[in-house]
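Structure at a glance
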Amino acid sequence: MTNREKLHDLRQQAHNKGIEGNSKMTEGQLRDAIKKVDKGTDPMAAKQQAKR
């Protein structure tokens, strides 16, 4: 899987978990936000925390 495919997959996972507007997030930010949502954090709060 190429980097572009991985990033697309991460963006789709984030979208499925309720993290909207993730197009400008980096791979690391997406992974961090997804982990936070999996632990019970609100999706938009996880997005904001990951972007810091």
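Since we're looking at a predicted model, the values are computed, not measured. (Residues numbered from 1 in each chain as written. Predicted model: local features only at pLDDT ≥ 70, side-chain atom pairs only at ≥ 80, totals over all residues. Heavy atoms only, no water.)

**Some details on the nonpolar core**
- Counting 10 residues, the largest nonpolar core is built from Leu-10, Ala-14, Ile-19, Met-25, Leu-30, Ala-33, Ile-34, Val-37, Ala-46 and Ala-50.
- Of all elements in the fold, only helix H1 (3-16), helix H2 (27-38) and helix H3 (43-50) reach the threshold of two or more residues within this core.
- Considering each element in turn, this core owes the most residues, 4 residues, to H2.
- Setting aside its immediate chain neighbours within four residues, Met-25 contacts Arg-11, Ile-19, Leu-30, Ala-33, Lys-47, Ala-50 and Lys-51. (Core = buried A, V, L, I, M, F, W, Y, C linked by side-chain atoms within 4.5 Å. Buried < 20%, exposed > 50% of the residue type's maximum accessible area, 1.4 Å probe, protein only. Helix = DSSP H or I, 4+ residues; strand = E, 2+ residues; numbered from the N terminus. Contact = heavy atoms within 4.5 Å.)

**Examining the side chain of Lys-47**
- The residue Lys-47 is located in helix H3 in this model.
- An unpaired buried charge is present at Lys-47: no salt bridge exists, and Glu-20, the closest side chain of opposite charge, is 8.2 Å distant.
- A polar contact of 3.0 Å, which involves the side chain of Lys-47, links it to the backbone oxygen of Glu-20. (Lys, Arg positive; Asp, Glu negative; His and termini not counted. Salt bridge = Lys/Arg side-chain N within 4 Å of Asp/Glu carboxyl O. Polar contact = N/O pair within 3.5 Å; in protein donor to acceptor, adjacent residues only side chain to side chain.)

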